[in-house]
Amino acid sequence: MAEQLSSKKEQHTLTHLSQLGSNLLDSLVRKFSNPETARRNRFILIVSTALLMTLTILPSQHPFKLSYKIGDIATSDIRVTQDMLVEDKALTEQRRKDAANNAPVVYNLNEQVPGALNDKLQKALAIVSSGRVAKPDKSVTQWRAELSPLLDTDLSEVEIQALVRIKSEKLFLASAAVLLDELYQRKIVLDEKVFQTDTRRGLELSDNNGHPISGGDFSSGVTDIGEARRIVSKWSFKGVGTAPDNARISAVIARILLPNLFYNREATELRARSAMETVRPVLFKLQKGEMVVRVGERITPEQAHKLETIFGVQRSGSRLFMLLGTFTLILVLFYFPYRFACKNIRKFNPTNKDVLIISLLVIMSFIFFKTALLITHNIGTVFPSVETSSYFYLFPFAAGAMIVRVFMNSEVALVYCAVTAPLFGIMFENSMLVVVYSLLGGIVGAHGVRHCTCRGTVYTAGFKISVVNLALALSFQTINNAIFTTQTMYVALFALLSGFISAGFVSSFIPLVENLFQYTTDIKLLELANLNSPLLRELMVKAPGTYHHSIVVGNLVEAAAESIGANPLLARVSAYYHDIGKVSKPLYFIENQTGEENRHDKLAPSMSALILISHLKEGAELAREHRIGQPIIDIIRQHHGTALIKFFYERAKSQAALTGQTVEEKDFRYPGPKPQTREAGIVMLADCVEAASRTLVNPSPDRIQGLVQKLINNVFIDGQLDECELTLKNLHEIARSFTAILNGIFHHRIDYPESASKGGDRRRMEPREQTKTEHGVMPHVDNAEQSSETPALQEPAAKKGGSENLKRLGMS
């Protein structure tokens, strides 16, 4: 007992939570559908959806760890997400070094070196000449202090004495200048071997101003500085006293000798840098889908470099532009197909609730597919024989379009496919195959569930999707020249499974969406069509005449809807419930009065009209309370349109004429709205025809046809069908179907013979004539068709004994 109480308590709690969640969603939908803010809400919803979609579909498959170091262990398989070129840094650096080493070496040729040496000698001799006059007894140390800095060399005592003993400075300087000029006709370098090595790399000569010197063989006429000094040591100068002094002075000049062709380090390094900059990076191609590292492997330097390149592309500034571009593209895909459909597709008219549901469906679908995409990129070690690019054939792309078709219509589902298919392609790394695969699968799936009257229809549609997916998969394999590979088996299997997976998702989500968002599907309509439902049973008990009237109207509208291509199931179920508002006051409607006095006789015409009108509002409230569904609620409110309650209007006019008052016609019209859909229009016509058909005397086929055509024409002329999509052709088809059904209802039966002792032949029973219909007056029926009572009802045969009646039924 305690367990039962606990189970009931838990069930009650779950029901309460479900009801609470449904109420919250209803509140959200009503707030979103507020006409004053609907336009703003749609704009906010579209922008928010586009932003979430942008973050979802970007082709980034490594959102968690974007850096690996050499020696790290890979936590997942990492593949190249797009074709890219990667720089081979080692090879590029080597080529740049080679270019720098092969760059030309720059040497400067200084033609002013002989003059500079002559100036030094001239200044030294001037100091010697002035010193000999001013201080004849100057010591060697004093001479060295003055001459060594000037000549840039250390002078020995004997060398200083040789300079001091020069007899003719003029002759010495003249001969030295001639010898130096002759010597510097050569190109003197510091190291001839180095120079020859540089010559093989290439030389550039420039003057003191940096201007290049062109022409000639730079490698010829070059003398090493050591060789030049040996030449100088053998010179003989004029104006020098003795040979030893000449040798000593030659040694001094040899030591201060400078090369006139010297290496320019700065210019050479500049040439090397320029050569390195001209070397373009060495690149190698990483192809999309190429495996970089597998899970569990240790990262090598080469792999680390590739990963750094891949993740560097994702972190670079171009990702911001990718975000902006993708966001703009999604907005364009959302807006322009929507505007085109609104302007050019007649049946494309989604409500605010529909837009909200579609947005939620799109977001959830793409999050699901993104998660599945990440999973398939990381299960390579589990199924190494299956290529990662083959897994998309398994994805249930058609599920979203099927759900949209079940709850809305084919036009909305088609636009949904046209918008989502390109986005699927972008998310799957700009794959055109995914675009085609998802687009055709969605269209076939939406077509398969166009009349979803049972769960089996969903799986039948799934089978159709599987067939189409298989054909597409084999076509793609043939295009890629891979039809005879082992991958074709996996691709075919995934394509077949995809349709049934889509059907499973749709079958699971239909009840959830129905209950949370109060949609009315064909499956829901079949449940509502059950005549044992609580609301219909209450109608049958409290208002049996209305119940029977509703059943007959249901038969009429179902046949009419099938004849014009409307939804026969919605029409029939709506007919069952269109008069449920009469449950509260059944005796105020003629079909529920069983010989009692007419209660309207004691009421003012205006009050009677209010009672008749109230059954619309009360019916809508009852339907909303029992969650019948918005389409049926709309038909309950619309099935009388703004028609005139003529019987009570005429009575009110007659009474007002006696007192001199005026009567407003609008007070005796139903509040509307007029029928907005074909199903609502059919229910209005069937309601009127069924009620009027009860007044026919001798309902022959011709009389029935005339009545039906006259009533439909009167409703049409009154403008009640102006706002629905019924055409004149549709009205003719409806009239024919109504006539056929009524002929079946009022068909003739044969007269059963009776014995002569029991009286003459029995006459056929005629339907009871009613001068008032459920609306208070029989609408637009000729007076000739009205009589007080049919003769059949006056026969005494109906008053025979019970035993005789049993004998007539064949029972003894």
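Residues numbered from 1 in each chain as written. Predicted model: local features only at pLDDT ≥ 70, side-chain atom pairs only at ≥ 80, totals over all residues. Heavy atoms only, no water.

Asks: Honestly, the overall build of the protein in this entry has me stumped. Any pointers?
Replies: Along the backbone of the protein there are 30 helices and 10 strands. Buried residues in the protein amount to 45% of all 812 residues. Sequence separation of at least 24 residues holds for 79% of the intrachain contacts in the protein that already meet a minimum separation of 6. Here the protein displays about 42800 Å² of accessible surface, and carbon together with sulfur accounts for 58% of that area. (Helix = DSSP H or I, 4+ residues; strand = E, 2+ residues; numbered from the N terminus. Buried < 20%, exposed > 50% of the residue type's maximum accessible area, 1.4 Å probe, protein only. Contact = heavy atoms within 4.5 Å. Areas by Shrake-Rupley, 256 points an atom, 1.4 Å probe, with all protein chains shown as cover.)

Asks: I would appreciate a short explanation of the packing of helix H23 (residues 568-577) against helix H25 (residues 630-638) in the present structure.
Replies: When two helices pack together, their arrangement is captured by the angle between the axes and the distance separating the axes. As a packed pair, H23 and H25 sit with axes 9 Å apart at the nearest point and diverge in direction by 55°. By the angle between their directions, the pair H23 and H25 is classed as oblique. Considering how the two elements wind past one another, H23 and H25 form a crossing that is right-handed. Where H23 approaches H25, its residues Leu-570, Val-573, Ser-574 and Tyr-577 are matched on the opposing element by Pro-631, Ile-632, Ile-635 and Ile-636. Here the contact of H23 with H25 is built from residues that sort into seven nonpolar, one polar and no charged. (Axes fitted to C-alpha atoms, helices over the stretch in contact; angles between N-to-C directions. Parallel < 35°, antiparallel > 145°, perpendicular 65-115°, else oblique. Left-handed = near helix turned anticlockwise from the far one by under 90°. Nonpolar A, V, L, I, M, F, W, Y, C, P; charged D, E, K, R; others polar.)

Asks: Looking at this structure, I do not really get the side chain of Thr-92. What am I missing?
Replies: Structurally, Thr-92 is set in helix H3 (residues 89-101). With sequence-adjacent residues up to four places away left out, Thr-92 is seen in contact with Glu-87, Arg-280, Pro-281 and Val-282.

Asks: What is the right way to read the sheet that holds strand S5 (residues 203-206) from this model?
Replies: Paired through their backbone hydrogen bonds, the strands of a sheet run either parallel or antiparallel. Pairing in this open sheet of four strands is mixed, and the strands run S6-S5-S3-S8 from one edge to the other. Unpaired on one side and paired on the other, strand S6 (212-213) and strand S8 (261-263) mark the two borders of the sheet. Of the pairings in the sheet, the one linking S5 to S6 comprises two bridges and is antiparallel in character. By the bridge assignment for S6, Leu-205 is matched with Ile-213. Here helix H8 (residues 192-201) sits on the sheet and contacts strand S3 (105-109), S5 and S8; the angle it forms with S3, its principal contact strand, is near 125°. Its contacts with the sheet put helix H11 (residues 265-278) on S3, S5 and S8, and the angle it makes with S3 is roughly 150°. (Pairing = 2+ DSSP bridges.)

Asks: Looking at this structure, how should I read the pattern of salt bridges?
Replies: Once their charged atoms are close, side chains differing in charge can pair, the charge on each being opposite to the other. On inspection of all chains with the given rule, the structure shows 18 salt bridges. Between Glu-159 and Arg-255 there is a salt bridge whose closest N-O contact spans 2.8 Å. Here Glu-159, found in helix H6 (residues 157-164), pairs with Arg-255, found in helix H10 (residues 243-255); they are 96 residues apart in sequence, far enough to count as distant. For Lys-582, the salt bridge goes to Glu-591, with nearest N and O atoms at 3.0 Å. For the pair Lys-582 and Glu-591, one class covers both residues: buried. Because the salt bridges share partners, they merge into one network encompassing Arg-165, Asp-245 and Arg-248. (Salt bridge = Lys/Arg side-chain N within 4 Å of Asp/Glu carboxyl O.)

Asks: Hey, could you run me through the packing of aromatic side chains in this one?
Replies: When we look at a pair of aromatic rings, we describe it by the centre distance and by the angle of the planes. Counted under the stated rule, the structure contains 26 aromatic pairs. A ring pair is formed by Phe-369 and Phe-424, whose centres lie 5.1 Å apart and whose planes are at 90°; its orientation type is edge-to-face. Here Phe-369 is found in helix H14 (residues 352-376), whereas its partner Phe-424 is found in helix H16 (residues 410-427), with 55 residues between them in sequence. Take Phe-424: its relative accessible area is 3%, and that puts it in the buried class. (Phe/Tyr/Trp six-rings, centres within 6.5 Å; stacked < 30°, edge-to-face > 60°.)

Asks: Would you explain the state of the cysteines in this entry?
Replies: In a disulfide, the sulfur atoms of two cysteines are covalently bonded to one another. Per the stated rule, a full pass over the model turns up zero disulfides. Looking at the unpaired Cys-452, the closest cysteine sulfur is the one in Cys-454, lying at 6.7 Å. Relative accessible area serves as the criterion here: at 3%, Cys-452 is assigned to the buried category. (Disulfide = S-S within 2.5 Å.)

Asks: Please clarify how the packing of helix H5 (residues 140-151) against H6 should be interpreted in this entry.
Replies: Axis separation between H5 and H6 bottoms out at 10 Å; the angle between their running directions is 85°. The pairing of H5 with H6 is recorded here as roughly perpendicular in orientation. Side by side, H5 and H6 meet where Val-140, Trp-143, Arg-144, Leu-147 and Leu-151 of the first sit next to Glu-157, Ile-160, Leu-163 and Val-164 of the second. Looking at the contact of H5 with H6 residue by residue, the class counts come to seven nonpolar, no polar and two charged.

Asks: Just checking my understanding: could you explain the nonpolar core for this structure?
Replies: One broad trend across soluble globular proteins is that nonpolar side chains are buried collectively. Counting 64 residues, the largest nonpolar core has Phe-397 and Leu-423 as its most contacted members. At the level of elements, helix H2 (38-57), helix H13 (318-344), H14, helix H15 (398-407), H16, helix H17 (432-448), helix H18 (455-479) and helix H19 (487-517) are the ones that each hand at least two residues to this core. Top element by residues in this core is H16. It accounts for 10 residues. Not counting chain neighbours up to four residues away, the residues in contact with Leu-423 comprise Met-53, Ile-57, Ile-330, Leu-333, Phe-334 and Phe-366. With 36 residues, the next largest nonpolar core counts Leu-556, Ala-560, Ala-692 and Ala-735 among its residues. (Core = buried A, V, L, I, M, F, W, Y, C linked by side-chain atoms within 4.5 Å.)

Asks: Sorry, what's going on with the side chain of His-640 here?
Replies: The residue His-640 is located in the loop between H25 and helix H26 (646-659) in this model. Within polar-contact distance, the side chain of His-640 engages the side chain of His-639 at 3.1 Å. (Polar contact = N/O pair within 3.5 Å; in protein donor to acceptor, adjacent residues only side chain to side chain.)

Asks: Whenever I open this one, a nonpolar patch on the surface confuses me. Can you help?
Replies: A grouping of Leu-414, Met-432, Val-436, Leu-440 and Ile-443 is seen on the molecular surface, where their side chains present a nonpolar patch of about 410 Å² in accessible area. The element that contributes the greatest number of residues to the nonpolar patch is H17, accounting for four residues. Classification of Leu-440 by relative accessible area gives partly exposed; the value is 34%. (Patch = residues over 30% accessible without salt bridge, like charges linked within 9 Å, V, L, I, M, F, W, Y side chains within 5 Å.)

Asks: Whenever I open this one, helix H29 (residues 728-745) confuses me. Can you help?
Replies: Residues separated by three or four positions in an α-helix point in the same direction, a consequence of the helix having 3.6 residues per turn. With 18 residues, H29 extends 26 Å between its outermost C-alpha atoms, agreeing within 8% with the 26 Å of an ideal straight helix rising 1.5 Å per residue. Looking at H29, one finds that the buried residues are Asn-730, Leu-731, Ile-734, Ala-735, Ser-737, Phe-738, Thr-739 and Leu-742. Where H29 is buried, its residues contact helix H22 (544-564), helix H27 (678-693) and helix H28 (701-717). (Expected span 1.5 Å × (residues − 1).)

Asks: Mind showing me how you'd approach the environment of Tyr-416 here?
Replies: Positionally, Tyr-416 belongs in helix H16. What makes Tyr-416 buried here is its relative accessible area of 6%. Residues Tyr-416 and Val-404, spaced 12 residues apart in sequence, show a C-alpha to C-alpha distance of 7.9 Å. Those residues within four positions of Tyr-416 in sequence are excluded, and the remaining contacts are Ile-358, Leu-361, Val-362, Ser-365, Gly-400, Ala-401 and Val-404.

Asks: Explain H18 here, please?
Replies: With 25 residues, H18 extends 37 Å between its outermost C-alpha atoms, agreeing within 8% with the 36 Å of an ideal straight helix rising 1.5 Å per residue. Along H18, the residues that are buried comprise Thr-457, Val-458, Ala-461, Gly-462, Ile-465, Ser-466, Asn-469, Leu-472, Ala-473, Phe-476 and Gln-477. At its buried positions, H18 is contacted by H15, H17 and H19. A positive phi of about 55° marks Asn-481, the residue just after H18.

Asks: Where do I start with the confidence of the model for the protein in this structure?
Replies: Parts of the model with low pLDDT should not have their predicted coordinates read in detail. When pLDDT is averaged along the protein, the result is 81; 83% of the residues meet or exceed 70. Ignoring residues within four places in sequence, the model shows residues 1-5, a span with pLDDT below 50, making zero contacts including any to other chains. A low-confidence stretch, residues 756-812 stays under pLDDT 50, and its non-local contacts, those more than four residues away or across chains, total 91 contacts. (pLDDT = per-residue confidence, 0-100.)

Asks: Just to check I follow, could you spell out the environment of Ile-78 for this structure?
Replies: Checked against the element boundaries, Ile-78 lands in strand S1 (residues 78-79). For the pair Ile-78 and Arg-294, spaced 216 residues apart in sequence, the C-alpha separation works out to 6.4 Å.

Asks: What exactly am I supposed to notice about the pairing of strand S2 (residues 84-87) here?
Replies: Side-chain positions along a regular strand alternate between the two faces of the sheet. Side chains of S2 alternate between two faces, with Met-84 and Val-86 buried and Leu-85 and Glu-87 left unburied. With four bridges joining them, S2 and strand S9 (residues 283-286) adopt antiparallel strand pairing. The residue bridging Leu-85 from the neighbouring strand is Lys-285, located in S9.

Asks: Whenever I open this one, unusual backbone geometry confuses me. Can you help?
Replies: Comment: phi is negative for the bulk of residues other than glycine, and the bulk of peptide bonds are trans. Cis geometry marks the peptide bond from Gly-672 to Pro-673, where omega comes out at 5°. Mapped onto the fold, Pro-673 is located in the loop between H26 and H27. The phi dihedral of Arg-627 falls on the positive side, at around 55°, and the residue is not glycine. Note on placement: Arg-627 falls in the loop between helix H24 (605-625) and H25. A relative accessible area of 26% places Arg-627 in the partly exposed class. The phi dihedral of Asn-698 falls on the positive side, at around 55°, and the residue is not glycine. Its place among the elements puts Asn-698 in the loop between H27 and H28. For Asn-698, a relative accessible area of 38% translates into the label partly exposed.

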